[in-house]
Amino acid sequence: MLQKYDQRNADLIVNIGGELLHRDQARISPFDSLVQGGDGVWEGLRLYDGQIFRLDAHLARLRSSAKALAFSDIPTDAEITEQISQTLEANQMQDGVHIRLTLSRGEKITSGMDPRLNAKGSLLIVLAEHKPPVYDKVGLKLITSSVRRFRPDTLDPNIHHNNLVQSIMAKVQANAAGADDALMLDTLGFVAETNATHVFIVDGGVLRTPTTRACPEGITRDTILNICADNKIACEVGDISLTAVYRADEMFCTGTMGEIAAIGEVDGRIIGDGNCGDVALRLSMLFRDFVAKNGTRV
Ligand SMILES: Cc1ncc(COP(=O)(O)O)c(C=O)c1O
């Protein structure tokens, strides 16, 4: 599932602080807070048939994260939506598009981490790319990383910030092991998520997912929980140990980048029969229907 360069993205127009620029001209300052300290918040969104899936939920999470980091000038939802709309229009985009929305604390007057050095206000970046779901739908291989996910007593994972180094370290381990991604545990040893997605297992016939104690409040995860409630599919939210993973009948991961993808192997153990299980298959179909009905045209 290593992503490849997509020729359709050769002449992308990127929105940097309201300016629409060819990808080769799109730049940010070395004084920007993202460069200086990863001091920004971000969202990954998906455009399906001209509509953004759960736009309001993504804007709410961006705002919540920016507020938690004490950003002083967060653009309104209407302002952000307008910039997304202009970017999609400039790229003539309609479907199969992933949008990376980033809000930086902005440019500093001099190098340093202190937010008081930020005199120019926040910077919004809208990067829309042609990008179909990036995960293989079946048979993903995971290894368990030795890098642990923080809980709120260390750094609250519900702040969706741009410091991705923890995830990148886990991904480096997965790459070295020839796996697709890494399963990450919290500091108590319970499953948190992968380096980029949330996980669900079917254990003894029961669908289960970890709490968001050590992972972000995922919008795809939340959608799956809503779909379960609407369709009377029981889903337990609670602590999951590696033992439960190894004995699971099914396991799948969820996220905007790859939607729902079945996991076939963890640490060399085959999960179920290694293929997509019945629950993941049913939820994938219900998810498709849900997506069609829950988009916002921008
Ligand atoms: C660390 C992490 N886990 C999981 C996810 C998946 O969340 P969502 O379903 O909102 O895309 C993301 C998405 O940004 C993420 O950054």
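Our subject in this report is the structure included herewith. This is a predicted model, so every value here is computed, not measured.

**Remarks on the environment of Val147**
With respect to the helices and strands, the residue Val147 is situated in the loop between strand E7 (140–144) and helix H4 (165–176). A residue is classified by how many C-beta atoms lie within 10 Å of it, and Val147, with 18 of them, is partly exposed. The spatial distance from the C-alpha of Val147 to the C-alpha of Lys171 is 9.7 Å, given a sequence separation of 24 residues. Look past the residues within four positions of Val147 in its chain and what remains in contact with it is Gln166, Met169, Ala170 and Met184.

**A short note on the pairing of strand E6 (residues 123–130)**
Strand residues, when the strand is regular, have side chains that alternate between the two faces of the sheet. In this sheet, E6 lies alongside strand E1 (residues 13–16) in antiparallel orientation, the contact comprising two bridges. Note that in E6 the partner of Ile16 across the bridge is Ile125. Here strand E5 (residues 97–104) pairs with E6 via eight bridges, running antiparallel. By the bridge assignment for E6, Leu103 is matched with Leu124.

**Overview of the sheet that holds strand E3 (residues 40–48)**
Read from one edge of the open sheet, seven strands run E2-E1-E6-E5-E3-E4-E16, paired in antiparallel fashion. In this open sheet, the two edge strands, each paired with only one partner strand, are strand E2 (19–22) and strand E16 (295–297). The average angle at which neighbouring strand axes cross in this sheet is 30°, direction not considered. Looking at chain direction, strand E4 (residues 51–53) and E16 are connected through three bridges and run antiparallel. Residue Phe53 lies in a different strand from E16, and its bridge partner there is Gly295.

Reading the values: the criteria
Residues numbered from 1 in each chain as written. Predicted model: local features only at pLDDT ≥ 70, side-chain atom pairs only at ≥ 80, totals over all residues. Helix = DSSP H or I, 4+ residues; strand = E, 2+ residues; numbered from the N terminus. Buried ≥ 20, exposed ≤ 12 C-beta atoms within 10 Å, placed from the backbone. Contact = placed C-beta atoms within 7 Å. Pairing = 2+ DSSP bridges. Axes fitted to C-alpha atoms, helices over the stretch in contact; angles between N-to-C directions.

The analysis is restricted to geometry; functional conclusions fall outside its scope.
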